[in-house]
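Inside the fold
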Amino acid sequence: CKADYLNAPQREIARAAGVALGAVGRVFQDLADQKYIIGRPGAWRYLEPLRLLDHWTTLYPTVLRPRLHARRFTTDVQEWWQQATLDGTGGLWGGEVAADRITHHLKPAAFTLYAPAAELRTLVAALAQRHRWRADPQGDIEVLEAFWNFPADPAHPDIVPAPLIYADLLATVDPRNREVAQLLRATAIEKALRPA
């Protein structure tokens, strides 16, 4: 999500990733062993960032996503998401809504939101009241805990990082989402990974 963190101090990486400081060194060693990066601490460079993205995207739905304490809801309010404001809730759009906001090529049918654990109640309470959400294990609204700790992209302050949108779309195995995921990859993700 943040290619420039590759050579940031380990404490900064640990804080941004929400992991223990000791885990950072082990992850870098693992990335080097698998030939995703080359170099040494402070002078790393990516060998195949898109292969790393593919690897992470494949593992995300089965390894990390189940740990994000998903909550599901539904509402009878049509097009509620178009009027929803996330200001003050800590929430960020993921999945189909985020993809639509970047590409303008998808009419969302499922609604994914992320928020830090400490702000989940605020997000759910605010949106449930405004848009008449009700708990539903099969609902098309999903709220997950954010697992990162860095600011949103100023160009898109209400959406999650593009690699996470991409992973959310691919995890649905919906053909229309796969098509938009490839568009997102070609525009927002690959462009961000090209050397300056």
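For the structure, see preceding data.
In this report, we go over the structure that sits alongside the text.

A few words now on the packing of helix 3 (residues 49-64) against helix 8 (residues 175-193). Between helix 3 and helix 8, the least distance of the axes is 10 Å, while the angle of their chain directions is 125°. If you check the angle between helix 3 and helix 8, you find them oblique. Viewed along their axes, helix 3 and helix 8 form a crossing whose handedness is right-handed. In this structure, helix 3 uses Pro49, Leu50, Leu53 and Asp54 to contact helix 8, whose residues at the interface are Arg185, Ile189, Glu190 and Leu193. For the contact of helix 3 with helix 8, a count of residues per class yields 5 nonpolar, no polar and 3 charged.

Our next topic: the packing of helix 7 (residues 162-171) against helix 8. The interhelical angle for the contact between helix 7 and helix 8, taken along N-to-C directions, is 165°, at an axis separation of 8 Å. Accordingly, the angle class assigned to the pair helix 7 and helix 8 is roughly antiparallel. Helix 7 and helix 8 meet at a crossing whose hand is left-handed. Listed contacts from helix 8 to Ala162, Pro163, Ile165, Tyr166, Leu169 and Leu170 of helix 7 are Asn177, Arg178, Val180, Ala181, Gln182, Leu184, Arg185, Ala188 and Ile189. The residue makeup of the contact of helix 7 with helix 8, split by class, is 11 nonpolar, 2 polar and 2 charged.

The buried fraction of strand 7 (residues 141-145) is high, at 5 of 5 residues. Burial along strand 7 is two-sided: the face carrying Ile141, Val143 and Glu145 and the face carrying Glu142 and Leu144 are both buried. Direction of pairing for strand 3 (residues 71-74) relative to strand 7: antiparallel, over a ladder of 3 bridges. Looking across to strand 7, one finds that arginine 72 is bridged to glutamate 142. Across 5 bridges, the pairing between strand 5 (residues 111-115) and strand 7 is parallel. Across the sheet, residue tyrosine 114 finds its bridge partner in strand 7, namely leucine 144.

It is worth spelling out helix 3 at this point. For an α-helix, 3.6 residues make a turn, and residues three or four places apart therefore share a direction. The terminal C-alpha atoms of helix 3 lie 20 Å apart, and with 16 residues this falls more than 12% below the ideal 22 Å at 1.5 Å per residue. Approximately 30° is the largest bend angle found in helix 3, and it occurs at threonine 58, with the proline proline 61 only one to four residues beyond. Among the residues of helix 3, those classed as buried are Leu52, Leu53, Thr57 and Tyr60. Check the buried side of helix 3 and you find it contacts helix 2 (21-33), strand 2 (45-46), strand 5, helix 7 and helix 8.

A separate point is the packing of aromatic side chains. Counted under the stated rule, the structure contains 11 aromatic pairs. Centroid distance tryptophan 80 to phenylalanine 111: 5.4 Å. Interplanar angle 65°. Geometry classified as edge-to-face. Remark: phenylalanine 111 occurs in strand 5 and tryptophan 80 occurs in helix 4 (residues 80-83); sequence separation between them is 31 residues. A relative accessible area of 3% places tryptophan 80 in the buried class.

Right, let's get into helix 8. Spanning 19 residues, helix 8 covers 25 Å between terminal C-alpha atoms, matching the ideal 27 Å at 1.5 Å per step. Residue arginine 185 marks the point of greatest curvature in helix 8, where the axis turns by about 40°. Among all positions of helix 8, only Asn177, Val180, Ala181, Leu184, Arg185 and Ile189 are buried. Measuring from the backbone nitrogen of arginine 176 back to the side-chain oxygen at the start of helix 8 gives 2.9 Å, which picks out aspartate 174 as the cap.

Calculation criteria
- Residues numbered from 1 in each chain as written.
- Predicted model: local features only at pLDDT ≥ 70, side-chain atom pairs only at ≥ 80, totals over all residues.
- Heavy atoms only, no water.
- Axes fitted to C-alpha atoms, helices over the stretch in contact; angles between N-to-C directions.
- Helix = DSSP H or I, 4+ residues; strand = E, 2+ residues; numbered from the N terminus.
- Parallel < 35°, antiparallel > 145°, perpendicular 65-115°, else oblique.
- Left-handed = near helix turned anticlockwise from the far one by under 90°.
- Contact = heavy atoms within 4.5 Å.
- Nonpolar A, V, L, I, M, F, W, Y, C, P; charged D, E, K, R; others polar.
- Buried < 20%, exposed > 50% of the residue type's maximum accessible area, 1.4 Å probe, protein only.
- Pairing = 2+ DSSP bridges.
- Expected span 1.5 Å × (residues − 1).
- Bend = angle between axes of the 7 residues up to and from the residue.
- Phe/Tyr/Trp six-rings, centres within 6.5 Å; stacked < 30°, edge-to-face > 60°.
- Polar contact = N/O pair within 3.5 Å; in protein donor to acceptor, adjacent residues only side chain to side chain.

Distances and angles like these do not, on their own, reveal function.
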